Amino acid sequence: MSNHTRRNFLKVAGATAAVAAAPSIVRAQSAARIVVVGGGFAGATLAKYLSLWSGGTLDVVLVDKRSSHVSCVMSNLVLNGSLGLRDLRFRYDALKARDGVQVLRDNVVELDGRAARVRLKDSGWLDYDRLVLAPGIRFDRVPGWNAAAVPHAWIAGTQTTNLRDQLRAMPDNGTFVMTVPKSPYRCPPGPYERACLVADQLGERSGAIRGDGARNGIPKVVVLDANPGIQAERETFTRAFEDLYGDIIRYHPNATLEAVDSENRVAITSIGDFQGDVLNVIPTHKAAKVVARAGLTDGGRWAPVDALTYESLVPGFPGVHVIGDSQASGQPKSGHMANAQAKVCADAILRRLAGRPVDGPERAANITTNSACFSPITFEKASWLTAVYAYDPESKAMKLVPGSLGEAEDWNKDNFETMFAWSDNLFADTFG
Amino acid sequence: MRNNSLLPVASLQFVLALAASPALADDPDLDRLLASQCAQCHGTDGRAVGEIDSLAGKSFSGLFGDTREMKDKDPNDIMHRQARGYSDDQLRRIAEYFSMLPEKEKEKKPEEH
């Protein structure tokens with residue numbers, strides 16, 4: 001239940017210059033405060049929709065350790081030079097201009113579920129009436145892995161340009177090795193899409209794709225998949241790997257990454273050691289540290305939540321929601337899905353604050369989210385996948401609606417063009 | 001409410017829709033939430049940027065008719081797949097919601113900035 005007698009002012013730990021420069025968090029006595037941790041697709045969408053649907057009457061504080069978010073969505077197109085990082089960097093200007101929303105650049109270091117407050121590194125304790133954690137993923141430790149030498153580029157930003165630059169510098173007929181994490185991971189088609197784009201890039205450069213008999217020898221793209229098979233758009237990627245890029249791509253399922261020799265760019269796996277001119281390691285994921293340390297993963301990889309509201313299913317955290325990649329509720333992990341979840345969560349928060357039910361039969365029967373995304377397969381053609389999910393009260397998770405899951409029958413230029421229209425709308429809906 | 005595992009989810013939703021008297025719509029926030037799931041592609045409040053169709057202010061019959069029809073069409077199109085994810089009642093609610101929205105966002109008066 002919302003408690004409107006919380007302290008109105010942000011308590012600060014000390015009078016440092018940084019704190020003095022930070023905006024004072026002031027709110028009207030009656031405004032409920034929602035703290036949102038993480039300004040990616042989930043957090044930004046949530047903050048926006050809370051403001052929108054409350055008519056700007058809530059006190060929403062979004063906390064992110066950075067002053068902008070670089071989208072992973074579409075970031076594989078940075079690798080082949082089609083896009084620049086600037087095309088995918090989203091500041092919080094639109095959000096800051098919304099009524100009731102403040103954006104703090106800070107880091108959450110502690111969650112006190114009983115006292116309903118979070119401690120920020122610079123700004124100190126921040127009370128909340130509701131808390132939404134949307135901090136994304138972190139990676140499993142892999143012995144020997146140095147992410148600067150061997151980028152993951154699975155959290156976008158300098159990692160992406162690092163990998164792009166390494167790809168540019170490698171020999172046209174060289175070997176690119178990448179590892180695919182064990183499911184569930186963010187963006188199921190992503191790794192296979194990346195393999196296609198790198199194969200396309202190297203293939204063009206070496207002449208291998210045009211079938212001129214490859215001037216300097218055929219490049220190799222080695223895909224070491226921890227899973228037993230392709231995790232999304234199976235038909236599309238099987239055809240791409242075997243036909244379009246048959247000479248270039250070597251796909252190995254059931255390859256568990258055990259260690260990395262970062263200096264020599266060798267992936268050490270359960271099926272052997274693979275060296276590349278460029279090595280891209282994407283380790284298996286788990287929820288970001290702040291979620292795990294708070295106890296919200298209950299010892300597991302992800303935060304279990306009720307997909308009706310995204311409230312934590314772990315006892316002891318009243319008023320705490322987890323959305324986006326950090327949570328688990330039967331849905332694939334992606335920016336598009338995170339945006340979708342944020343809306344269900346926003347609706348639930350508004351109901352909780354108003355004392356209205358969240359679990360009536362009509363609402364439970366109409367909780368849906370959807371996934372849609374386009375995958376570039378070459379530098380000018382793309383495929384797509386889509387699915388719709390509906391709430392299942394028994395499991396408290398989302399289940400795929402039969403008949404709604406599909407992939408494109410082929411990759412083409414029309415899809416490639418629509419891809420930009422889709423991502424432009426997703427970005428605008430999330431950050432605009 | 002138990003989800004009978006013998007019934008596909010879409011059918012169960014259809015049964016609930018019949019039982020729930022959609023015409024009453026005493027919870028407009030539900031329509032708003034359903035419709036908000038279209039925004040990822042069609043823009044916030046159904047006002048799209050670029051080449052994708054906007055939905056705000058389009059006729060109810062057009063929106064419902066098109067999406068209802070898509071459920072029976074060849075699935076090799078994202079929207080034809082998406083449409084299959086919703087019951088007829090949900091498509092009706094979504095169409096109703098968008099048809100009531102102004103096509104363009106209201107211009108803010110100067111003093112509201």
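All figures in this text were calculated on a predicted structure; none of them were measured in a lab.

**Student:** I'd like a rundown of the pairing of strand 5 (residues 101-105) of chain A, residues and numbers included.
**Tutor:** All names here are of chain A. When you tally the buried positions in strand 5, you get four out of five residues, the bulk of the element. Two strands pair when backbone bridges link them, and strand 2 (residues 59-64) and strand 5 are joined in this way by five bridges, in the parallel orientation. Bridging across to strand 5, Val61 finds its partner in Gln102.

**Student:** Please give an account of empty space enclosed by the protein that cites residues and values.
**Tutor:** Going through the model one piece at a time under the given rule, you end up with two cavities of 30 Å³ or more. Here the second largest cavity is characterised by a volume of approximately 70 Å³. As for the second largest cavity, its lining consists of A:Tyr49, A:Trp53, B:Arg32, B:Ala35, B:Ser36, B:Ala39, B:Gly43, B:Asp45, B:Gly46, B:Tyr97 and B:Phe98. Here the lining of the second largest cavity gets three residues from one element, more than from any other, and that element is helix 2 (residues 28-36) of chain B. Looking at the lining of the second largest cavity residue by residue, the classes come out as six nonpolar, three polar and two charged.

**Student:** So, the packing of aromatic side chains: which residues are in play, and what are the values?
**Tutor:** All names here are of chain A. Under the counting rule described, the total for this entry stands at 15 aromatic pairs over all chains. Measuring from ring centre to ring centre gives 5.4 Å for Phe41 and Phe431, while their planes differ by 70°; the resulting arrangement is edge-to-face. Taken as a pair, Phe41 in helix 2 (residues 41-53) and Phe431 in helix 11 (residues 413-431) lie far apart in primary sequence, 390 residues in all. By relative accessible area, which is 7% here, Phe41 ends up buried.

**Student:** Help me get a handle on the interface of chain A and chain B, residues and values and all.
**Tutor:** On the side of chain B, 40 residues touch chain A, which itself brings 52 residues to the contact. Of the roughly 3800 Å² buried between chain A and chain B, counting both surfaces, carbon and sulfur atoms make up 53%. Area buried by chain A at its contact with chain B is led by A:Glu362, A:Asn366 and A:Asn425, which between them contribute 16% of it. One can count four salt bridges joining chain A with chain B. Ionic pairing is found between B:Asp29 and A:Arg356, a salt bridge with its closest N-O pair at 2.9 Å. If you look at where chain A meets chain B, you find 20 residue pairs in polar contact (both at pLDDT 80 or more). Put simply, the parts of the chain that give the side of chain A that touches chain B at least two residues each are helix 2, helix 9 (335-354), helix 10 (361-364), strand 23 (368-376), strand 24 (382-392), strand 26 (406-407) and helix 11 of chain A. Residue composition of the side of chain A that touches chain B, grouped by class: 26 nonpolar, 12 polar and 14 charged.

Here is what the cut-offs are and how they apply
- Residues numbered from 1 in each chain as written.
- Chains lettered and ligands numbered in written order.
- Predicted model: local features only at pLDDT ≥ 70, side-chain atom pairs only at ≥ 80, totals over all residues.
- Heavy atoms only, no water.
- Buried < 20%, exposed > 50% of the residue type's maximum accessible area, 1.4 Å probe, protein only.
- Helix = DSSP H or I, 4+ residues; strand = E, 2+ residues; numbered from the N terminus.
- Pairing = 2+ DSSP bridges.
- 1 Å grid on protein atoms, 1.4 Å probe; cavity = no way out; pocket = protein on both sides within 12 Å on 5 of 7 lines; lining within 4 Å.
- Points joined across faces, edges and corners; volume = space filled by probe spheres on them.
- Nonpolar A, V, L, I, M, F, W, Y, C, P; charged D, E, K, R; others polar.
- Phe/Tyr/Trp six-rings, centres within 6.5 Å; stacked < 30°, edge-to-face > 60°.
- Contact = heavy atoms within 4.5 Å.
- Buried area = accessible area lost by both parts, 1.4 Å probe.
- Salt bridge = Lys/Arg side-chain N within 4 Å of Asp/Glu carboxyl O.
- Polar contact = N/O pair within 3.5 Å; in protein donor to acceptor, adjacent residues only side chain to side chain.

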